[in-house]
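Chain residues, written in single-letter form:
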Amino acid sequence: MTTNSSKIELKAGCDMIAFAKELFPLNRSLMGPDFRLSLKKFAAKHPEFELLKFKTGSKVFDWEVPKEWIIREAYIEHESGKKFAVFSENNLHLMGYSEPVNKILSREQLLKRIHTHPHDKTAIQYVTSYYKRNWAFCMSTEQVESLPDGDFRVFIDSEFRDGHLCLQEAVINGSSAKEIFFSSYLCHPSMANNELSGPVLLSKIMDYIKSIENRRYTYRFVLLPETIGSIAYLSLRKDLLKKNVICGYNLTCVGDERAYSHVESRHGNNLSDIALRSALADFSNVVHYSFLERGSDERQYCAPGIDLPICTFCRTKFGRYPEYHSSKDDFSVVTEKGLAGSFGVIKTIVD
């Protein structure tokens with residue numbers, strides 16, 4: 001028998017995976033046109049979102065907002081004319097924030113500039129160099145082994161320019177000024193679980209919150225680039241968040257069906273930790289991680305001196321599933337059922 005609650009979850013899973021597939025092709029990075037376009041797609045669904053911008057060169061605590069990276073095309077071209085690692089065919093083929101290049105290299109020289117996956121010969125690894133000028137390509141081991149002898153032209157049509165680090169927040173008011181906080185990041189290119197599952201879950205939670213009449217609490221939602229985005233946001237909202245937030249979740253890697261994971265806050269015993277443990281109590285496939293095993297924006301939200309009551313919710317934790325940070329992180333990993341299960345956990349906490 002299908003209950004009304006399970007119907008809501010199944011419908012949510014269908015909606016979320018459709019939205020994720022719409023977002024998947026965009027080449028998101030820390031900053032730039034496709035990141036802004038992705039934010040606009042969320043704002044089109046939720047007009048409550050307001051854009052916050054930080055100029056290149058701005059100081060956010062002890063970090064500095066970098067330049068925007070504009071990438072138009074990149075490829076490796078053999079002397080025969082055959083092309084390899086074409087960016088426009090798969091945006092993971094180019095290391096993020098690669099500087100412009102147009103030069104001839106021998107095969108031996110070229111191989112020093114190619115990243116391969118350490119465990120999977122058929123996967124393209126995801127690599128970035130946000131804060132150090134560099135360039136490289138990413139290919140599967142099988143693709144590298146197919147490179148012929150001879151010389152190669154490497155071409156990267158990229159540009160760095162002053163711009164803005166963008167993020168957006170939405171506040172949905174309740175009768176109390178006390179807030180429940182949800183955050184997710186939107187700064188990776190085409191990876192379904194590590195990148196898109198968290199934001200589409202956040203969007204669906206917003207739908208659910210807005211459907212509740214006579215809300216008791218106020219809810220705050222944030223979409224941002226990971227790490228520097230949460231640092232920038234805290235530089236602007238730290239005092240307000242410390243005053244009002246009583247419970248919160250960083251949402252990431254919530255689309256698979258393998259496990260449920262709880263990455264604790266620094267102290268491990270605040271309301272968010274307790275509520276998540278309670279929501280997961282009836283599941284058998286649950287893994288709890290201490291803050292010592294952190295790796296996402298819970299690092300920033302729980303940093304000493306900030307200490308917000310926020311933990312991270314995942315299905316299989318980032319870095320713990322074999323497709324992580326690679327071209328294999330696709331819609332064979334992320335499923336309607338996986339997303340629906342994650343929605344059900346957060347809905348339980350809200351209810």
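Residues numbered from 1 in each chain as written. Predicted model: local features only at pLDDT ≥ 70, side-chain atom pairs only at ≥ 80, totals over all residues. Heavy atoms only, no water.

Quick word on the sheet that holds strand β10 (residues 164–172)
Rules: Strand pairing follows a simple DSSP-based rule, namely that at least 2 bridges must link the two strands. Under the scheme used here, helices are H or I runs from DSSP no shorter than 4 residues and strands are E runs no shorter than 2 residues, and both carry numbers assigned from the N terminus. In this description, a line fitted to the C-alpha atoms serves as the axis of each element, helices being fitted only across the stretch in contact, and the angle between N-to-C directions of two axes falls anywhere from 0 to 180 degrees. Working rule for contacts: check all heavy atoms of both residues, and any pair within 4.5 Å makes them a contact.
Spatially, β1-β10-β12-β11-β13-β16-β14-β15 is the arrangement adopted by the 8 strands of the open sheet, whose pairing is mixed. Of all the strands in the sheet, the pair left with one neighbour each is β1 (50–55) and β15 (286–289). Geometrically, the sheet is characterised by an average inter-axis angle of 20° between neighbouring strands, direction not taken into account. The sheet contact formed by strand β11 (residues 179–185) and strand β12 (residues 218–224) spans 7 bridges and is parallel. From the neighbouring strand, Ser 184 faces β12, where its bridge partner is Leu 223. Packed onto the sheet, helix α2 (residues 33–45) meets β1, β10 and β12 and runs at close to 15° relative to β10.

With respect to the pairing of β15
Strand residues, when the strand is regular, have side chains that alternate between the two faces of the sheet. Definition in use: By definition, the crossover connecting two strands over a helix is right-handed if that path, from the first strand to the second, turns clockwise as seen with the strands pointing away from the viewer.
In this sheet, β15 lies alongside strand β14 (residues 260–263) in parallel orientation, the contact comprising 4 bridges. Bridge pairing in β15 places Ser 261 opposite Val 287. The β-α-β motif built from β14, the intervening helix α7 (residues 271–279) and the parallel element β15 has right-handed crossover chirality.

Observations concerning the sheet that holds strand β9 (residues 151–161)
Sheet architecture is open: 4 strands sit in the order β5-β4-β9-β6, paired in antiparallel fashion. Edge positions in the sheet fall to β5 (83–84) and β6 (101–106), since each of these pairs with one other strand and no more. Where β6 meets β9, 6 bridges bridge the pair, whose relative direction is antiparallel. Bridge pairing in β9 links Ile 104 to Arg 153.

Concerning the packing of aromatic side chains
What counts, and what does not: To pair, rings of Phe, Tyr and Trp, with the six-membered ring standing in for Trp, must have centres within 6.5 Å; the planes then decide the type, stacked if under 30 degrees apart, edge-to-face if over 60, and tilted in the middle. Only protein chains enter the accessibility calculation, which uses a 1.4 Å probe; a residue whose area is less than 20% of its type maximum is buried, one above 50% is exposed, and one in between is partly exposed. By the criterion adopted, a ring carries a charge over it if an Arg CZ or a Lys NZ lies within 6 Å of its centre and within 35 degrees of its normal.
A complete count under the given rule lists 18 aromatic pairs for this structure. The interplanar angle of 55° and the centroid separation of 5.9 Å between the aromatic rings of Tyr 97 and Phe 160 together place this pair among those described as tilted. Of the two residues, Tyr 97 is situated in the loop between β5 and β6 and Phe 160 in strand β9; the sequence distance between them amounts to 63 residues. The pair formed by Tyr 97 and Phe 160 is uniform in burial state, with each residue classed as buried. Where Tyr 208 meets Phe 343, the ring centres are 6.0 Å apart and the plane angle is 85°; that geometry is what we call edge-to-face. Note that Tyr 208 is positioned in helix α5 (residues 192–211) and Phe 343 in helix α9 (residues 336–350), a separation of 135 residues in sequence. For Tyr 208, a relative accessible area of 17% translates into the label buried. Grouping aromatic residues by their ring pairs yields a cluster made of Trp 63, Trp 69, Tyr 97, Tyr 130, Tyr 131 and Phe 160. The aromatic ring of Tyr 75 is capped on one face by Lys 83, whose charged end is 4.0 Å from the ring centroid.

Considering the state of the cysteines
As a reminder of what qualifies: In plain terms, two cysteine sulfur atoms within 2.5 Å form what is called a disulfide here.
Scanning all chains against the criterion turns up 0 disulfides. Cys 311 carries a free sulfur, and the closest cysteine sulfur to it, the one in Cys 247, is 7.1 Å from it. A relative accessible area of 0% places Cys 311 in the buried class.

With respect to the packing of α5 against α9
Where we set the bar: Roughly parallel means an angle under 35 degrees; roughly antiparallel means over 145; roughly perpendicular covers 65 to 115; every other angle is labelled oblique. What makes a crossing left-handed is the near helix being turned counterclockwise from the far one by less than a right angle; a clockwise turn instead makes it right-handed.
Put simply, α5 and α9 touch, their axes get as near as 10 Å, and they point 45° apart. For the element pair α5 / α9, the angle class is oblique. Of the two possible hands of crossing, α5 and α9 adopt the one that is right-handed. Touching Ser 197, Val 200, Leu 201, Lys 204, Ile 205, Tyr 208 and Ile 209 of α5 are Leu 339, Ser 342, Phe 343, Ile 346, Lys 347 and Val 350, all from α9.

Looking at the nonpolar core
Here is the rule we go by: Among buried residues, those of type Ala, Val, Leu, Ile, Met, Phe, Trp, Tyr and Cys that are joined through side-chain atoms within 4.5 Å constitute a nonpolar core.
Counting 100 residues, the largest nonpolar core has Ile 76, Phe 137, Phe 182, Leu 201, Phe 221, Leu 251 and Phe 313 as the members making the most contacts within it. Among the elements that make up this core, the one with the highest residue count is α5 (9 residues). With sequence-adjacent residues up to four places away left out, Phe 221 is seen in contact with Phe 49, Gln 168, Glu 169, Ala 170, Ile 172, Phe 182, Leu 202, Ile 205, Met 206 and Ile 209. Among the nonpolar cores identified, the runner-up in size contains 6 residues, and Val 263, Cys 314, Phe 318 and Tyr 321 belong to it.

A short note on the side chain of Lys 317
The condition is simple: Positive charge is attributed to Lys and Arg, negative charge to Asp and Glu, and no charge count is given to His or to the chain ends. One speaks of a salt bridge when a side-chain nitrogen belonging to Lys or Arg is within 4 Å of a carboxyl oxygen belonging to Asp or Glu. Polar contact is the term for a pair of N or O atoms within 3.5 Å; when the atoms are in protein, one must be able to donate a hydrogen and the other to accept it, and sequence-neighboring residues count only if both atoms are side-chain atoms.
The topology assignment puts Lys 317 in the loop between β16 (310–314) and α9. One buried charged residue, Lys 317, forms no salt bridge at all, with the nearest opposite charge on Glu 293 at 6.0 Å. A polar contact of 3.0 Å, which involves the side chain of Lys 317, links it to the backbone oxygen of Glu 293. Once residues within four sequence positions are removed from consideration, Lys 317 is found in contact with Ser 261, Val 263, Tyr 289 and Glu 293.

A few points about the pairing of strand β13 (residues 245–251)
In terms of residue burial, β13 counts as a mostly covered element, since 6 of its 7 residues are buried. Note: β11 against β13, 5 bridges, orientation parallel. Counted as the bridge partner of Ser 183 is Asn 250 from β13. Sheet topology places β13 next to β16; 4 bridges connect them, and they run parallel. Directly across from Gly 248, in β16, lies its bridge partner Ile 310.

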